[in-house]
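# Observations on the three-dimensional arrangement
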Amino acid sequence: MSEAAQKPRMPDETGVPDPFPYMHPIMKKNYGQWDYHFRPRPGVLCHVAKSGDRIWTVRAGTQRQMDVFTIRKLCDLADKYAGGHVRFTTRSNIEFLIDDESNVEPLIEELNKEGFPVGGTGNSVSMISHTQGWLHCDIPGTDASGVVKTLMDLMYEEFVNEEMPNRVRITTSCCQINCGGQGDIAVNVQYTKPPRINHELVANVCERPAVVARCPVAAIRPALVNGKPSLEVDEKKCICCGACYAPCPPMQINGKEETRIAVWVGGKHSNARSKPKFHKLVMAGLPNNPPRWPEVGEVVMKILRAYKENAKDWERMGDWIERIGWPRFFELIDVPFVKHHIDTWTYARLTHNHSTHIQY
Amino acid sequence: MANKDFDVRPTPLLDELEKGPWPSFVKGLKRLRDAGKKYSPMINDLLGQLEHSYEERLGFWKGGTITVIGYGGGIIPRFSEVADKFPESSEFHTLRIIPPAGMHYTTDVLRKMCDIWEEYGSGLIAFHGQSGDIMFQGCSSENVQPAFDALNEMGFDLGGAGPALRTSMNCVGAARCEMSCYDEIKAHRMIINEYLDEMHRPALPYKFKFKFSGCPNDCVNSIHRADFAVIGTWRDDMKVDQEKVKEYVAELGRDYIQEHVVEMCPTRALKLNDDDTLSVDNKACVRCMHCLNVMTKALSPGDDKGAVILIGGKRTLKIGDLMGTVIKPFIKLETDEDFEELVEFAGEVIDFFAENALEHERTGEMIDRIGLPAFLEGIGVDPDPNMVLHPRQVSFVRTDDFQAELERMRAKKGGKKEAAE
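Source: prediction; values computed, not measured.

### Here's the deal with the overall build of chain B
A count of helices and strands for chain B gives 15 helices and 16 strands. Across the 421 residues in chain B, those meeting the buried criterion constitute 50%. Pairs at least 24 residues apart make up 65% of the contacts formed inside chain B by residues separated by at least 6 positions.

### Section: the overall build of chain A
When helices and strands are counted, chain A shows eleven helices and 14 strands. Expressed as lengths along the three principal axes of its C-alpha atoms, the size of chain A is roughly 85 × 75 × 35 Å. By the burial criterion, 51% of the 360 residues in chain A qualify as buried. Counting only contacts in chain A whose residues sit at least 6 apart along the sequence, the fraction spanning at least 24 positions is 65%.

### Digging into the pairing of strand S2 (residues 44-49) of chain A
Residue and element names in this part refer to chain A. Sheet analysis places strand S1 (residues 34-41) next to S2, joined by five bridges and oriented antiparallel. The partner of tyrosine 36 across the bridge, within S2, is valine 48. Connecting the antiparallel pair S1 and S2 is a turn made up of two residues, with glycine 43 showing a positive phi of about 90°. In the sheet, S2 pairs with strand S3 (residues 54-60) via five bridges, with the strands oriented antiparallel. When the sheet's bridge partners are listed, valine 44 is paired in S3 with valine 58. Where S2 folds back onto S3 in an antiparallel hairpin, the turn is made up of four residues, including glycine 52, whose phi is positive at roughly 95°.

### Describing the pairing of strand S10 (residues 228-234) of chain B
Strand residues, when the strand is regular, have side chains that alternate between the two faces of the sheet. Residue and element names in this part refer to chain B. The element S10 is largely enclosed, with a buried count of seven among its seven residues. Judged by which residues are buried, S10 turns out to be covered on both faces: Phe228, Val230, Gly232 and Trp234 on one side and Ala229, Ile231 and Thr233 on the other are all buried. When strand S9 (residues 210-213) meets S10, the two strands line up parallel, connected through four bridges. Bridge pairing links phenylalanine 212 to valine 230 in S10. As judged from the seven bridges shared by S10 and strand S15 (residues 305-311), these two strands associate in the antiparallel manner. Looking at the pairing, isoleucine 231 lines up with valine 308 of S15.

### Comments concerning the interface of chain A and chain B
Between chain A and chain B, the residue contacts involve 93 residues of the former and 103 residues of the latter. Of all the secondary structure elements, the ones that give two or more residues to the side of chain A that touches chain B are S1, strand S4 (65-67), helix H3 (68-81), strand S5 (85-88) and helix H5 (144-154) of chain A. In terms of residue count, H3 of chain A provides more of the side of chain A that touches chain B than any other element does, eight residues in total. For the side of chain A that touches chain B, a count of residues per class yields 43 nonpolar, 31 polar and 19 charged. Relative to strand S5 (residues 104-106) of chain B, S5 of chain A is paired through three bridges, and the arrangement is antiparallel. Counted as the bridge partner of histidine 85 of chain A is threonine 106 of chain B from S5 of chain B.

### A few points about the sheet that holds strand S6 (residues 121-127) of chain B
If you trace the five strands from one edge of the open sheet to the other, you get S4(A)-S6(B)-S7(B)-S4(B)-S2(B), paired in antiparallel fashion. Of all the strands in the sheet, just S4 of chain A together with strand S2 (75-76) of chain B have a single pairing partner and so form its edges. Relative to strand S7 (residues 134-139) of chain B, strand S4 (residues 94-97) of chain B is paired through four bridges, and the arrangement is antiparallel. Bridge pairing links arginine 96 of chain B to methionine 135 of chain B in S7 of chain B.

### Observations concerning the sheet that holds strand S14 (residues 280-287) of chain A
Residue and element names in this part refer to chain A. Read from one edge of the open sheet, four strands run S7-S8-S13-S14, paired in mixed fashion. With partners counted over all chains shown, the strands left at the sheet margins are strand S7 (170-173) and S14, one partner each. Pairwise comparison of adjacent strand axes, ignoring direction, gives a mean angle of 25° for this sheet. Across the sheet, helix H9 (residues 294-310) is in contact with strand S8 (185-191), strand S13 (259-265) and S14; its angle to S14 comes to roughly 155°.

### Details of the domain arrangement of chain A
Quite often, the size of an interface is put as the accessible area lost when its parts meet. Residue and element names in this part refer to chain A. If you check the domain split of chain A, you get domain 1 (25-113), domain 2 (133-192 + 256-341) and domain 3 (202-252). A straight line from the C-alpha centre of domain 2 to that of domain 3 covers 31 Å. At the interface, five residues of domain 2 touch five residues of domain 3. Taken together, the residues of the side of domain 2 that touches domain 3 break down into three nonpolar, two polar and no charged.

### Here we look at the domain arrangement of chain B
All names here are of chain B. The domain architecture assigned to chain B consists of domain 1 (1-159), domain 2 (169-235 + 305-420) and domain 3 (239-300). Taking the mean C-alpha position of each, domain 1 and domain 2 sit 36 Å from one another. The interface is formed by eight residues belonging to domain 1 together with eleven residues belonging to domain 2. Here the residues of the side of domain 1 that touches domain 2 are counted per class, giving three nonpolar, five polar and no charged.

### Observations regarding unusual backbone geometry
Between proline 290 of chain A and proline 291 of chain A the backbone carries a cis peptide bond, its omega angle lying at 5°. Here proline 291 of chain A is to be found in the loop between S14 and H9. Along the chain, phenylalanine 127 of chain B connects to histidine 128 of chain B via a cis peptide bond; the corresponding omega equals -5°. Checked against the element boundaries, histidine 128 of chain B lands in the loop between S6 and S7. Phi angles above zero are rare outside glycine, and tryptophan 293 of chain A is one such case at about 45°. Structurally, the position occupied by tryptophan 293 of chain A is in the loop between S14 and H9. Non-glycine residue arginine 268 of chain B carries a positive phi angle of around 50°.

### A word on helix H5 (residues 141-153) of chain B
Residue and element names in this part refer to chain B. Those residues of H5 that sit buried are Val144, Ala147, Phe148, Leu151 and Asn152. All buried residues of H5 fall inside an arc of 130° around its axis, so they share one side. Residues of H5 that are exposed and angled more than 90 degrees away from the buried face: Glu142 and Glu153. Contacts from the buried residues of H5 go to S2, S4, helix H4 (107-120), S6 and S7. A positive backbone phi angle near 105° is found at glycine 155, which sits one or two residues after H5.

### Topic: the packing of helix H2 (residues 25-33) of chain B against helix H3 (residues 40-56) of chain B
Residue and element names in this part refer to chain B. Orientation of H2 relative to H3, taken along the N-to-C sense of each, is 140°, at an axis distance of 7 Å. Contacts between H2 and H3 involve Leu29, Leu32 and Arg33 from the first element and Ser40, Ile43, Asn44, Leu46 and Leu47 from the second. Class assignment of the residues belonging to the contact of H2 with H3 gives a composition of five nonpolar, two polar and one charged.

### What to know about the confidence of the model for chain B
Of all residues in chain B, 98% have pLDDT values of 70 or greater, and the mean over the chain is 96. With pTM at 0.96, the complex prediction returns an ipTM value of 0.96.

Reading the values: the criteria
For every chain, the first residue of the written sequence is number 1, and numbering continues from 1 along that sequence. Both sets of labels track the order of writing: A upward for chains, 1 upward for ligands. Under the rules for a predicted model, residues below a pLDDT of 70 receive no local features and side-chain atom pairs below 80 are neither given nor counted, while totals for whole chains, interfaces and linings still include all residues. Comment: elements are numbered from the N terminus, with helices defined as DSSP H or I runs of at least four residues and strands as E runs of at least two. Exposed residues have 12 or fewer other C-beta atoms within 10 Å of their own C-beta, buried residues have 20 or more, and partly exposed residues fall in between, where C-beta atoms are placed from the backbone. Two residues qualify as a contact pair if the distance between their C-beta atoms, derived from the backbone, is within 7 Å. A strand pair is defined by DSSP finding two or more bridges across the two strands. Note on residue categories: nonpolar means Ala, Val, Leu, Ile, Met, Phe, Trp, Tyr, Cys or Pro, charged means Asp, Glu, Lys or Arg, and polar means any other residue, Gly included. Only the contacting stretch of a helix is used when fitting its axis, a line to C-alpha atoms as for every element, and angles between N-to-C directions run 0 to 180 degrees. Source of the domain bounds: an automatic or database domain assignment. In this context, the arc is that of the directions from the helix axis out to the C-beta atoms. One number per residue, pLDDT, summarises how confident the predictor is, and it ranges from 0 to 100.

Right, dumping it as structure tokens:
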């Protein structure tokens, strides 16, 4: 055997790649020297540098989980119109970077012809930030890709236009860990039943003390079941969060009917106007109903329409609701307020109204 | 169907997701299935398993342990629990690969990645996962090493997974945005590449995430999605081009500017004057970005730029959602020394986390458990009123060294003043 065959290849620990070799030359030249930007039309940004240089960005929606043929198609368009320079946004939109304005319209035309929507800029509904789901995750309650495809189909016009009061950022998550994060609207799995435990497997598969420690409400304790070391759940205490399922797959939290979907509103990360805020519960118990999740789509579109019709320019979803008050918001979307809308977690009393400030 | 080597799995439920105007991932999967490539049978069974999930409303993947030589993390192993039904996709692992900072690509790089993934993987790539990695999804156990080697030869490295430093993100920032208040790419690459060992050999109590946003609009959602958020801001007066202000007033009208700019200022720091110019009370301004966002041509950040550092953001598990807490109200980020100081500070925070957090406890939870004052002491940062909404409102605290602390902080401040003079 040769020496090379005996010696394994050790990795080159290069870390985060330097982006400058890939960056558009105009962006490199004007790095840190930008003056202002404007949006000539939905889906297009024009940034003007202090030097007077301009760069146009054409933003298009993708399916995030892309086959190589889709990626190559996007590359062909980038080569033809954008000198081969692209970048991706945090919401999986692709951006083509163009130094010649006359390439903008032909690129948009061709993107549309190939089925890629151009939009997601300014006060639009951008692509949903989403997680893996049934396609690849080991603990999912639903399929993010399918829910997202369905919702983006419904909201297509809101992606390609800028007709919302402010930007709308929607997220989905396939379990209560909520990898999707905060959103103006968040569509998240909400489990409804305690885990069903396969006591035959627990001792072999799970590190029991770690599972006990993982429970947010201390509802899990070691137990001997049928002579085997296992775990048991105090179902009166259990909040059905699924935290135990990841370290201990025999504690199955998902079920055909038990896994349900909840909708939350008013979260944001930006510091603009109001401070960043967490989203709040609006609806739970919606069926996990593939392949099109119609019940979820109905609730999301109702909220979106109420926001579009009632919010003032530049109010984010949460800003708007705080101005009109939660009672009015629940009226507008025609959802009764129920006991589960009232927080019971740590610091819940900080969420109570300790005043006479009431909108009649 | 083009391929005669296998029977195409029926997917009546997934077929519904080929309809509608938005790009369809199901169509993409079918293109891979029908390509007549070596991965086509794998995608056929993957579609079969996904259809099975749509029928049963359950996931059928389990984890495991797969690594590449020299590293302890970065591969997400997926073994099918229904491999007897769908044997070709029984192993469907993901390689998390760190993208260029800011996610800039040239098409030749993307094409090379596609070629590698056709050779060793499934042909399915996600740009990008929630942590910011390129997700090369669908690889057999035996192909993980050669796939990584090929990507690594291209200059790309594995990202983070498990209890480790995770792949980071920065906004587009200085590369294409006038709001950028520091060099996000530089900060991102300096910090992550300095502590890369923590990414490749997971040994922390739990995950640790950095994120870098150039301004308080926080386009990478760092404030809630990072244990350590670096968010650009400025200390001096914002810049106002009064001629451009007048142009906005002429275009949109005084009422619009009054209602949608002046009245939406959270600290009432703006005044629209009779001559259509704008006055700014910069002492009252909290740098929220609203007026800059609306009037991009007229208003911009000042010259004395830098960043705020917030620590402890995370999602619900285990104690509930946490936003980051202000730990450094302002750091300068201009000179190489400024950036080196930031890298060093980041190292101190990682070290404190490594030594003091419980297993599976995030930084924010650790701070909640030990109290912010203990955390500050541990990382050598003085308390500052910018860290809280208001001072303590509960009297249940032992304060026998209160006066001594006053003296200590006074002496420190005095010392700093003297040094400055």
